[in-house]
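Summary of structural features
Chain by chain, the residues run as shown.
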Protein chains: 2
Amino acid sequence: MTTSTFDDVARAARTLEGVARRTPVLTSRSLDAVAGARLSLKAECFQRTGSFKIRGAYNHVSSLDDDVLRRGVVTISSGNHAQAVALAAQLAGTSALILMPLDAPPGKRAATEAYGAEVRTFDRYAEDRDELLAAAAAETGRHVVHAYDDERVIAGQGTVGMELLEEAGELDVLVVCVGGGGLISGCALAAKAMSPGTRVVGVEPEERPAARSALASGGPVKVPVPATLADGQQTANVGRRNHAVMASHVDEVVGVPDAEIVSALRLLFERAKVVVEPSGASALAAVLSGRVAFEPGARVGVTLSGGNVEAARLAKLLA
Amino acid sequence: MTTSTFDDVARAARTLEGVARRTPVLTSRSLDAVAGARLSLKAECFQRTGSFKIRGAYNHVSSLDDDVLRRGVVTISSGNHAQAVALAAQLAGTSALILMPLDAPPGKRAATEAYGAEVRTFDRYAEDRDELLAAAAAETGRHVVHAYDDERVIAGQGTVGMELLEEAGELDVLVVCVGGGGLISGCALAAKAMSPGTRVVGVEPEERPAARSALASGGPVKVPVPATLADGQQTANVGRRNHAVMASHVDEVVGVPDAEIVSALRLLFERAKVVVEPSGASALAAVLSGRVAFEPGARVGVTLSGGNVEAARLAKLLA
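Residues numbered from 1 in each chain as written. Chains lettered and ligands numbered in written order. Predicted model: local features only at pLDDT ≥ 70, side-chain atom pairs only at ≥ 80, totals over all residues. Heavy atoms only, no water.

Describing the pattern of salt bridges
A side chain with one charge can pair with a side chain of the opposite charge if their charged atoms come near. Residues and elements named next belong to chain A. For the structure shown, the criterion picks out 44 salt bridges over all chains. As a salt-bridge pair, Glu166 and Arg22 come within 2.8 Å of each other at their nearest N and O atoms. Of this pair, Glu166 sits in helix α8 (residues 151–168) while Arg22 is found in the loop between α1 (6–16) and β1 (25–26), placing the two residues 144 residues apart along the sequence. Take Glu166: its relative accessible area is 43%, and that puts it in the partly exposed class. The exposure class assigned to Arg22 is partly exposed, which follows from its relative accessible area of 47%. (Salt bridge = Lys/Arg side-chain N within 4 Å of Asp/Glu carboxyl O. Helix = DSSP H or I, 4+ residues; strand = E, 2+ residues; numbered from the N terminus. Buried < 20%, exposed > 50% of the residue type's maximum accessible area, 1.4 Å probe, protein only.)

Description of the sheet that holds strand β10 (residues 298–304) of chain A
Residue and element names in this part refer to chain A. With respect to topology, six strands assemble into an open sheet ordered β1-β2-β10-β7-β8-β9, the strand pairing being mixed. Every other strand in the sheet has two partners, leaving β1 and β9 (252–256) as the edge strands with one partner each. Bridge analysis of strand β8 (residues 199–205) against β9 gives five bridges, and the strand direction is parallel. Paired with Val201 across the strands is Glu252, a residue of β9. (Pairing = 2+ DSSP bridges.)

Observations regarding the relation of the copies chain B and chain A
The transformation that overlays chain B on chain A combines an axial shift of 0.0 Å with a rotation of 180°, and the residual RMSD is 0.0 Å. With respect to symmetry, the two chain copies, as superposed, fit the operation of a two-fold axis. Looking at the interface residues of chain B, 100% of them are also at the interface in chain A, so both copies use one shared face. (Least-squares fit on C-alpha atoms with pLDDT ≥ 70 in both. Contact = heavy atoms within 4.5 Å.)

What to know about the packing of α1(A) against helix α3 (residues 53–61) of chain A
All names here are of chain A. Here α1 crosses α3 at 90°, and the two axes come no closer than 10 Å. One way to sum up the angle between α1 and α3 is to call them roughly perpendicular. Taking contact as the criterion, the partners of Ala12, Thr15 and Leu16 in α1 are, on α3, Ile54, Arg55, Tyr58 and Asn59. Tallied by class, the residues present in the contact of α1 with α3 amount to four nonpolar, two polar and one charged. (Axes fitted to C-alpha atoms, helices over the stretch in contact; angles between N-to-C directions. Parallel < 35°, antiparallel > 145°, perpendicular 65-115°, else oblique. Nonpolar A, V, L, I, M, F, W, Y, C, P; charged D, E, K, R; others polar.)

Thoughts on the side chain of Glu204(B)
Residue and element names in this part refer to chain B. Following the sequence through the fold, Glu204 ends up in strand β8 (residues 199–205). By relative accessible area, Glu204 is classed as buried at 0%. Polar contacts involving the side chain of Glu204 include one to the side chain of Arg208, which spans 2.6 Å. Within the structure, the side chain of Glu204 is placed 2.8 Å from the backbone nitrogen of Ala211, a separation counted as a polar contact. Apart from residues lying up to four places away in sequence, Glu204 is in contact with Val178, Pro209, Ala210, Ala211, Arg212, Gln233, Val253, Val254, Gly255 and Val256. (Polar contact = N/O pair within 3.5 Å; in protein donor to acceptor, adjacent residues only side chain to side chain.)

Some points on the side chain of Glu44(B)
Residue and element names in this part refer to chain B. Of note, Glu44 is situated in the loop between β2 (37–43) and α3 (53–61). A polar atom in the side chain of Glu44 sits 2.6 Å from the side chain of Thr23. Polar contacts involving the side chain of Glu44 include one to the side chain of Arg55, which spans 2.6 Å. Excluding anything up to four places from it in sequence, Glu44 contacts Thr23, Gly50, Ser51, Phe52, Arg55, Val160, Leu304, Ser305 and Gly306.

See below:
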């Protein structure tokens, strides 16, 4: 197993020029006052497909040979990687088959289908993702674009951290939400290369200690799929490649309860005027509720990783 | 009566450096597809105080002499100019008295008071704004910072259009929401100076034909205060100075019904991931529903003028 390097991230940045959007870095004095820090919020909710996932998906799919593209691609995803692979396949002129959990947000499924992908559903609480994906690939001959445990995906996601550091300058802390670990492993590669003094902190749902367990025990650990609002962070484990990068490049992972995610969503809505989905607000939630250590006034970079939440669902959460 | 010029706008841009935020210009392929145009959305919802109004208010208040500042400032506003004058006064080290309608959104009132201003309420359906404001100024000796009928305010608001054109380049059409006319008169000065071929189109609520009547009849016309969701556009008339600029610099004003504003709010939320208040979405609403004429694929600049809407209210509108 090889792992990605910062060179891979820098190369991905060139591949993504004109495809992924260079999303804005938001600042907010009122959020700074709540956090006691100078926040730089990388707003990937404004990314194409509504989350950072297009970066890794396109970096992978655009690298494939013609004979692979003729067979098409397949992946498994609760929604954001699904949309990203669907769009990346469309842009590369190939077809995509996406396995999605039955309880994925309907908007994410509709968007995936709108990009022309075929969707098959599964029960995320009963079935093993890796086995399902391997079986679908074997059955169809399609090429697997894994959502996180993949070098080209990690390199693509790392461009989020690279752009954030380019725009915000040196950071004391970079706080990144963790599901399977694609975003944080890529961002950690960028941060430690560009600003070696930056502490990198991951945030996952309190009820899903997969990344914390992996770092504590020296390798990916499968935990029961948690019931959390953060549907993008319900994966049972981080990937092997992600763990390998995290073990050497991530300083700490903390958990955050759903109630604090809802508070962060409300502040983002009312103060920063930005629509973020629950998973995408988990990193900020941990910062705002004091779960990430830093000096008062520290320069803190935070990923807002996606914004794919239907108006009706967010309304209910904020009611 | 003198009117503002583009030089005043350019001077205001320098005054506002480090005070007003240079807000991002958003693009969205899915909104482009709905509009049949290449949209550049100037996102003033991300501005300090949540709307463009801080530009004009600070440009005015920061120009005042010490003896005027000692007496303090006064204004009348449904909410966004209220917050802006409150913050501008705080930044200039003076005090502000704000007259706000009884039915102003509670969040706007709370924010105004949070900036340290004193708020007095009035009945917007029964009382005449200009008379109330003149009486309050006479009674208190405070200096009036009018929300729109004011050269320094017009010049400050014009920096919205200036920044949009700097970032988006030449535009075929610039579409701006109109309440009292401060934003559109400033933006029209910028547009016609920087990109003379740009058509400038104003948008007001269907139920409030104040700007349309003013252009048709050669001067401000007072209309009954309308019941519209767009609380920032409920003023009964455009200002005299605003009309003077609009008559020579604005090509057309169109009306947009509330239902189309709600559709635009939903698209902004679900596709662009941005929280915009009803008044702030009126310009985009008119574009999306075909009320503004342009060639397919035209370069269309649109102001999203503010985002001060509480989560509960937007949830109810989108339910």
